[in-house]
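Structure assessment
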Amino acid sequence: MSPPRFSIIGFPPILREPAMPLPDTLTLAAFALLALALLAESLRLRWPSRLAALSSAGVAVACGLVQPLGAAALIAALAVSLAARHYRRPELWLVWIALLLALALHALPGFDNPLLWQGLSTPNSAPYRLYWSYDKGAAGWLLLMVLSASPQVERRWGPAAAGVGALLLLIVLGLASVAGVIAWAPKLPHWLLPWLFANFFLVSLAEEAFFRAGLQRWLELRTEPFAALMAASVAFSLVHVAGGWVWVGLATLAGLGYGLVYAATRQVLWAVLAHVAFNAVHLILFTYPRLM
């Protein structure tokens, strides 16, 4: 057995793992520019966002991360997104949402998303693969680009709602442990930093943009705020139906937590930070993604 890689008080020794293959320089540049575009768009910095997104797409095509079919899919999604931004026609928005979902769910060909790590995070965990998914990140940017032109709900629920949301997220971890979905397993995986990058920019930002800044905000303009919060949380949980009904119930509570943080601040970035913090605690302190 290899010697321990490092040990921290409260954490068991972590054994040396195979070296993680790093993407090449152009691939790293494409993802860095995409992250910059996502961050700028979430802050409503229109032209820096568009410049970074265009540069990212050009580098991604040049290095083969986005292939011809993928480039065609991105151009089509951009065209439909620009149309949806200017024309509020229901049938156009349905096509737009379908295209973005196809991108986010990797249903469209032409993307060579790099696999950075795969294996068991702990001996009793289910297998996990860490991808950097360019198609899902691009879908998140297009979503934010259109939503930035939509009417916003100004009323904030205040710090108490954010506090309740944070408490709910802690309860979710406790319930998941009691239900046998996860178990105590503290660790510091050597792929933590690339995981954080993927979880922030390519997972949580896209999901929170859709379910909070998109669905929850849209429903709040048409119904009671609490009903909108519940509906968006249930919709978020249905994305996790493959994990079973216990997982769906836990995802509903987590969605309520993220939704309360969003309602308290009206800033999608705060909901994203709550999402990433929850996932990071899950990864570092418990079996990830779940027990075998």
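Residue indices begin from 1 for each chain and proceed along its sequence in written order. Local features in a predicted model are, by the rule used here, given only for residues with pLDDT of at least 70; side-chain atom pairs are given and counted only at 80 or more, and totals for whole chains, interfaces and linings are based on all residues. Remark: hydrogens and water are excluded; side-chain values derive from all non-hydrogen atoms of the structure.

**Some words on the overall build of the protein**
Numbering of helices and strands runs from the N terminus, with a helix taken as a DSSP run of H or I at least four residues long and a strand as a DSSP run of E at least two residues long. On a plain count of helices and strands, the protein comes out with 10 helices and four strands. Starting at the N terminus, the α and β elements of the protein follow one another as β-β-α-α-α-α-β-β-α-α-α-α-α-α. Taken over C-alpha atoms, the radius of gyration comes to 19 Å for the protein, in line with the 19 Å a tight globule of 292 residues would show. Expressed as lengths along the three principal axes of its C-alpha atoms, the size of the protein is roughly 60 × 45 × 30 Å. Throughout, a contact is declared for two residues whenever any of their heavy atoms are within 4.5 Å. Once local pairs closer than 6 in sequence are excluded, the contacts in the protein between residues at least 24 apart make up 75%. Entry remark: accessible area of the protein is about 14,100 Å², with carbon and sulfur atoms responsible for 72%. Positive charges come from Lys and Arg, negative ones from Asp and Glu, while His and the chain ends are left out of the count. Charge positions come from single atoms, namely NZ of Lys, CZ of Arg, CG of Asp or CD of Glu. A distance of 3 Å separates the average location of the 18 positive side-chain charges in the protein from that of its 11 negative side-chain charges. The size measure is the radius of gyration over C-alpha atoms, and the globule rule it meets is 2.2 Å times the number of residues to the 0.38 power. Computed with a 1.4 Å probe, the accessible areas rest on the Shrake-Rupley method; for each residue, only the protein chains presented here act as cover.

**Section: the UniProt feature "domain: CAAX prenyl protease 2/Lysostaphin resistance protein A-like" (unreviewed entry) in the protein**
UniProt positions are given in the numbering used here, feature names are shortened, and annotations may be inferred rather than shown by experiment. In the UniProt entry, the feature "domain: CAAX prenyl protease 2/Lysostaphin resistance protein A-like" (unreviewed entry) is given for residues 190-281. A distance of 15 Å separates the end C-alpha atoms of residues 190-281, which is 85% helix and 0% strand.

**Description of the pattern of salt bridges**
The salt bridge criterion pairs a side-chain nitrogen of Lys or Arg with a carboxyl oxygen of Asp or Glu, the two atoms within 4 Å. Applying the stated criterion across every chain yields a total of five salt bridges. Across the pair Arg89 and Glu91 runs a salt bridge, and its minimum N-O distance is 2.8 Å. Residue Glu220 pairs with Arg266 through a salt bridge whose shortest N-O separation is 2.7 Å. Taken together, the positions of Glu220 in helix H7 (residues 192-220) and Arg266 in the loop between helix H9 (245-265) and helix H10 (268-285) put the pair 46 residues apart, joining distant regions of the chain. The pair formed by Glu220 and Arg266 is uniform in burial state, with each residue classed as buried. Buried residues are those whose accessible area, probed at 1.4 Å on protein chains only, stays under 20% of the maximum for their type, while exposed residues exceed 50% and partly exposed ones sit between those limits.

**With respect to the side chain of Ser133**
Within the secondary structure, Ser133 is located in the loop between strand E4 (128-131) and helix H5 (134-147). Those residues in contact with Ser133, other than ones at most four positions away along the chain, are Phe31, His106, Asn113 and Leu202.

**Examining the nonpolar core**
The set of buried Ala, Val, Leu, Ile, Met, Phe, Trp, Tyr and Cys residues whose side-chain atoms join them within 4.5 Å is what this entry labels a nonpolar core. Trp96, Leu103, Leu130, Tyr134, Trp195, Phe201 and Leu202 are the most contacted members of the largest nonpolar core, which has 58 residues in total. With residues near it in sequence (within four places) discarded, Phe201 still touches Ala35, Leu38 and Leu39. Val172, Ala176, Ala251 and Ala254 belong to the second largest nonpolar core, which has 16 residues in total.

**Focus on the packing of aromatic side chains**
The rule is short: rings of Phe, Tyr and Trp, with Trp giving its six-membered ring, pair when the centres are within 6.5 Å, and they are stacked under 30 degrees, edge-to-face over 60, tilted in between. In this structure the tally under the stated criterion is 15 aromatic pairs. On the numbers, 5.0 Å between centres and 70 degrees between planes, the contact of Trp93 with Trp96 is edge-to-face. A residue pair is termed a helical-turn pair when its members lie 3 or 4 positions apart in one helix, as Trp93 and Trp96 do in helix H4 (residues 90-104) at three residues. No difference in accessibility class separates Trp93 from Trp96, as the two residues are buried. Ring geometry for Phe211 versus Phe236: centroids 5.4 Å apart, planes at 85 degrees, classification edge-to-face. One end of the pair, Phe211, is in helix H7; the other, Phe236, is in helix H8 (residues 225-238), with 25 residues separating them in the sequence. Note on Phe236: relative accessible area 3%, which makes it buried. A connected cluster of aromatic rings, assembled from ring pairs, spans Phe31, Trp132, Tyr134, Phe197, Phe200 and Phe201.

**As for the packing of helix H6 (residues 159-178) against H9**
In helix packing, the relevant descriptors are the interaxial angle and the interaxial distance, both defined with respect to the helix axes. Every axis corresponds to a line fitted to the C-alpha atoms, with the helix fit spanning only the stretch in contact, and the corresponding angles, defined between N-to-C directions, vary from 0 to 180 degrees. Following both chains from N to C, one finds H6 and H9 inclined at 165 degrees, their axes separated by 7 Å at the closest point. Accordingly, the angle class assigned to the pair H6 and H9 is roughly antiparallel. The two elements H6 and H9 cross, and the hand of that crossing is left-handed. Taken together, the residues of H9 that come into contact with H6 (itself represented by Ala161, Ala162, Val164, Gly165, Leu168, Leu169, Val172, Leu175 and Ala176) are Leu250, Leu253, Ala254, Leu256, Gly257, Tyr258, Leu260, Val261 and Ala264. All residues other than Ala, Val, Leu, Ile, Met, Phe, Trp, Tyr, Cys, Pro, Asp, Glu, Lys and Arg, Gly among them, are scored as polar; the first ten of these are nonpolar and the last four charged. Considered class by class, the residues forming the contact of H6 with H9 number 16 nonpolar, two polar and no charged. Each angle receives one of four descriptions, namely roughly parallel if under 35 degrees, roughly antiparallel if over 145, roughly perpendicular if within 65 to 115, and oblique otherwise. When the near helix sits turned anticlockwise from the far one by under a right angle, the crossing is termed left-handed; a clockwise turn instead gives a right-handed crossing.

**Some points on H6**
Three or four residues apart is the spacing at which side chains of an α-helix point the same way, because the helix has 3.6 residues per turn. The first and last C-alpha atoms of H6 sit 29 Å apart over 20 residues, in line with the 28 Å expected at 1.5 Å per residue. Regarding H6, the residues found buried are Ala161, Gly165, Leu168, Leu169, Val172, Leu173 and Ala176. All buried residues of H6 fall inside an arc of 140 degrees around its axis, so they share one side. Those residues of H6 that are exposed and aimed more than 90 degrees away from the buried face are Pro159, Ala160, Leu167, Leu170 and Val178. Taken together, the buried residues of H6 touch H9 and H10. One less than the residue count of a helix, multiplied by 1.5 Å, gives the span that helix is expected to have. The directions considered for the arc run from the helix axis to the C-beta atoms.

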